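# Notes for the structure review
Take a look at the letters that make up each chain.
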Amino acid sequence: MSFVKHLECSRCGHNIPKIETRGVCPLCQSPLLVRYNLHQVKRHVKKTTLLDRPTDMWRYLEVMPVDADEDIISLGEGYTPLLPLSRLGKSARLRNLWVKDESVNPTGTFKARGLSAAVSMARKLGFKKLAIPSAGNAGGALAAYGARAGLEVFVVMPVDTPSANVMECRMTGARVELVDGLIGDAAKRVNELQAAEGWFDVSTLKEPYRLEGKKILGYEIVEQFRWKVPDVIVSPVGGGMALIGIWKALQEMEELGWITSQRPRMVAVQSEGCAPIVKAFREAATTAEPWVRPVTFASGIRIPKPFGDTLILQALRESRGHALAVSDESIYSAVQQISREEGLFICPEGAAGWAAIRHLSETGWINPDETVVLLNTGAGLKYIDALNRFAKEHQPVGAGSEKR
Ligand SMILES: Cc1ncc(COP(=O)(O)O)c(C=O)c1O
Ligand SMILES: [Zn+2]
């Protein structure tokens, strides 16, 4: 049984009644959002109902676009650990610091969530050939879920994408094309493939279902805090799906009567080498200008012009949140610090969030008793070559050796 009401344009409000219609808004080409009959969901499922459910993303089936178990393409994504970071917290004078550790997802990043949802829906809707422009991890996740679903996958990535991503796509049978350029160039190539060969484009927010997988992060964080909303959620932002998704989940949970109107302050973190959202936030703009010459070894947040810029900036403003950029040097040392202090070898994007939290605690924007959640989006193991290269180029000889 589906509780989907319609798809709604995030910009002009245009409603598309049929679940079969997908893509962007036909009137203004903006992202579409899935809307549910939440009053019906409320009658059908209670917080306590969840206790008997499997501990994966699909325990929230009623607020997902897929309505039958047999339509689900799963590799066990979601319901990742929410871990206290007490040593790290102490070092920044924070008493309630937590990490939502997405590195344990299939394919090693939070991209698994969105692609599990998108591939499930694409297969249900009869698509057989799925294409994606990717900074790396989304491509890897699409390739894995595509293989699981028995669908063809085409991944287009910049030529300097981490080798782990290229390898995982090839191993899982995807066609891979590396473009001598950035993600925007990869997106152009996917447009060509769509027009010429009928590949279905699963780019960030160019279809509405990936976001529905991502948003479950928000449900999980609140459930794991026993239905209490944290004070601050810090997320690295490239395309901004996690941030937009969590914000959407909180709105839904309030309508379901699962939480009050209390909201966390949402913080978007980018690299100083590619910070279009930070710039737009500072200038109080509603859209972001494309970042010229984006450079960062945190490849997942090297997104010069996020398609969901308006939605990201809206969530930041509505939550009285913040956006800040950190240097690649501070990202690298944040990876080292979290690894050493907590045993979590996290990805550079997640580590950027930690560098930002340290700064926000120092400036007093976060106070010591607030509950703060760092979203670690993936595993450091996927970035061995990028970390090696960065260390070689930036660290003095002997630094980063085994001795502490
Ligand atoms: C590990 C990792 N973290 C963060 C991001 C940024 O995520 P989003 O595009 O949802 O903002 C990406 C995107 O590729 C990623 O792979
Ligand atoms: Zn529209």
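Quick look at the structure, then.

Calculation criteria
- Residues numbered from 1 in each chain as written.
- Chains lettered and ligands numbered in written order.
- Predicted model: local features only at pLDDT ≥ 70, side-chain atom pairs only at ≥ 80, totals over all residues.
- Heavy atoms only, no water.
- Helix = DSSP H or I, 4+ residues; strand = E, 2+ residues; numbered from the N terminus.
- Rg over C-alpha atoms; globule rule 2.2 N^0.38 Å.
- Buried < 20%, exposed > 50% of the residue type's maximum accessible area, 1.4 Å probe, protein only.
- Contact = heavy atoms within 4.5 Å.
- Areas by Shrake-Rupley, 256 points an atom, 1.4 Å probe, with all protein chains shown as cover.
- Lys, Arg positive; Asp, Glu negative; His and termini not counted.
- Charge placed at Lys NZ, Arg CZ, Asp CG, Glu CD.
- Phe/Tyr/Trp six-rings, centres within 6.5 Å; stacked < 30°, edge-to-face > 60°.
- Lys NZ or Arg CZ within 6 Å of the ring centre and 35° of its normal.
- Salt bridge = Lys/Arg side-chain N within 4 Å of Asp/Glu carboxyl O.
- Donors = N, O, S within 2.8 Å, 3.2 Å for Na, K, Ca; no water.
- Tetrahedral: all angles 85-135°; square planar, octahedral: opposite > 155°, others 65-115°.
- Axes fitted to C-alpha atoms, helices over the stretch in contact; angles between N-to-C directions.
- Parallel < 35°, antiparallel > 145°, perpendicular 65-115°, else oblique.
- Left-handed = near helix turned anticlockwise from the far one by under 90°.
- Polar contact = N/O pair within 3.5 Å; in protein donor to acceptor, adjacent residues only side chain to side chain.
- Pairing = 2+ DSSP bridges.
- Right-handed = clockwise from strand over helix to strand, strands pointing away.

## A word on the overall build of the chain
The secondary structure content of the chain amounts to 13 helices and 13 strands. Computed over the C-alpha atoms, the radius of gyration of the chain is 20 Å, within 12% of the 22 Å expected from 2.2 N^0.38 for a compact globule of 404 residues. Each principal axis of the C-alpha distribution contributes one length, and for the chain these read about 60 × 50 × 40 Å. Among the 404 residues that make up the chain, the fraction classed as buried is 59%. Expressed as a percentage of contacts within the chain between residues at least 6 apart in sequence, the contacts between residues at least 24 apart total 71%. Carbon and sulfur atoms make up 50% of the accessible area of the chain, which amounts to about 16500 Å² in all. Distance from the positive charge centre (50 side chains) to the negative charge centre (45 side chains) of the chain: 2 Å.

## Digging into the packing of aromatic side chains
Throughout the structure, instances matching the rule amount to nine aromatic pairs. For the pair tyrosine 219 and tryptophan 258, a centre-to-centre distance of 6.1 Å together with 85° between the ring planes defines the contact as edge-to-face. Of this pair, tyrosine 219 sits in helix α7 (residues 209–224) while tryptophan 258 sits in the loop between α8 (241–255) and β11 (265–271), and the two are 39 residues apart along the sequence. Taken together, the ring pairs in this structure connect Tyr60, Tyr219, Trp227 and Trp258 into an aromatic cluster. The ring of tryptophan 365 carries the charged tip of arginine 265 above its face, separated from the ring centre by 4.4 Å.

## A short note on the side chain of aspartate 56
Relative to the helices and strands, aspartate 56 resides in the loop between α1 (38–44) and β4 (82–84). In this structure, aspartate 56 is buried with no salt-bridge partner, the nearest side chain bearing the opposite charge being arginine 59 at 7.2 Å. If near-sequence neighbours (up to four positions away) are discounted, aspartate 56 is found in contact with Ser74, Gly76, Glu77, Gly78 and Tyr79.

## Some details on unusual backbone geometry
Although it is not a glycine, tryptophan 227 sits at a positive phi angle of roughly 65°. Secondary-structure assignment places tryptophan 227 in the loop between α7 and β10 (232–236). The phi dihedral of arginine 320 falls on the positive side, at around 55°, and the residue is not glycine. Looking at the secondary structure, you find arginine 320 in the loop between α10 (309–318) and β12 (322–326). The class of arginine 320 is exposed, set by a relative accessible area of 60%.

## Overview of the environment of glycine 146
With respect to the helices and strands, the residue glycine 146 is situated in helix α4 (residues 137–149). Considering only alpha carbons, one finds glycine 146 and valine 202, 56 residues apart in sequence, at a separation of 12 Å. If sequence neighbours within four positions are ignored, glycine 146 has contacts with Val119, Leu151 and Val153.

## Points about the coordination of the zinc ion (ligand 2)
Note on the zinc ion (ligand 2): its protein donors are Cys9 (SG), Cys12 (SG), Cys25 (SG) and Cys28 (SG). The metal-donor distances range over 2.3 Å. Coordination at the zinc ion (ligand 2) comes from four donor atoms whose angles at the metal span 96 to 120°, giving a geometry best classed as tetrahedral. In the primary structure, the donors to the zinc ion (ligand 2) are separated according to the pattern C-x2-C-x12-C-x2-C. On the accessibility criterion, cysteine 25 (0% relative accessible area) is buried.

## As for the packing of α8 against α10
When two helices pack together, their arrangement is given by the angle between their axes and by how far apart the axes lie. Orientation of α8 relative to α10, taken along the N-to-C sense of each, is 55°, at an axis distance of 9 Å. The angle between α8 and α10 falls in the class oblique. Two packed elements cross with a definite hand, and for α8 against α10 that hand is left-handed. Contact with α8, carried on its side by Leu243, Ile244, Trp247 and Gln251, involves Leu311, Ile312, Ala315, Leu316 and Glu318 of α10 and no other residues of that element.

## What about the environment of histidine 6?
Along the polypeptide, histidine 6 turns up in strand β1 (residues 4–9). The class for histidine 6 is buried, based on a relative accessible area of 13%. C-alpha of histidine 6 to C-alpha of arginine 35: the two residues are 29 residues apart in sequence and 5.5 Å apart in space. Every residue in contact with histidine 6, bar those within four places of it in the chain, is listed here: Asn15, Ile16, Pro17, Leu33, Val34 and Arg35. Side-chain polar atoms of histidine 6 contact the side chain of asparagine 15, separated by 3.5 Å.

## Remarks on the pairing of β10
Most of β10 is tucked away: five of the five residues are buried. Side chains of β10 alternate between two faces, with Val232, Val234 and Pro236 and Ile233 and Ser235 buried alike. Where β10 lies against β11, five bridges are found, and the strand directions are parallel. Across the sheet, valine 232 pairs through a bridge with arginine 265, a residue of β11. Taken together, β10, α8 and β11 form a β-α-β motif whose crossover is right-handed. The sheet contact formed by β10 and strand β13 (residues 371–376) spans three bridges and is parallel. Looking at the pairing, isoleucine 233 lines up with valine 373 of β13.

## Thoughts on the sheet that holds β1
Strand order in the open sheet made by the three strands is β2-β1-β3, with antiparallel pairing throughout. Strands with a single pairing partner mark the edges of an open sheet, and in this sheet they are β2 (15–16) and β3 (32–36). Bridge analysis of β1 against β3 gives five bridges, and the strand direction is antiparallel. Across the sheet, leucine 7 pairs through a bridge with valine 34, a residue of β3. Docked against the sheet, α7 engages β1 and β3, running at close to 60° with respect to β3.

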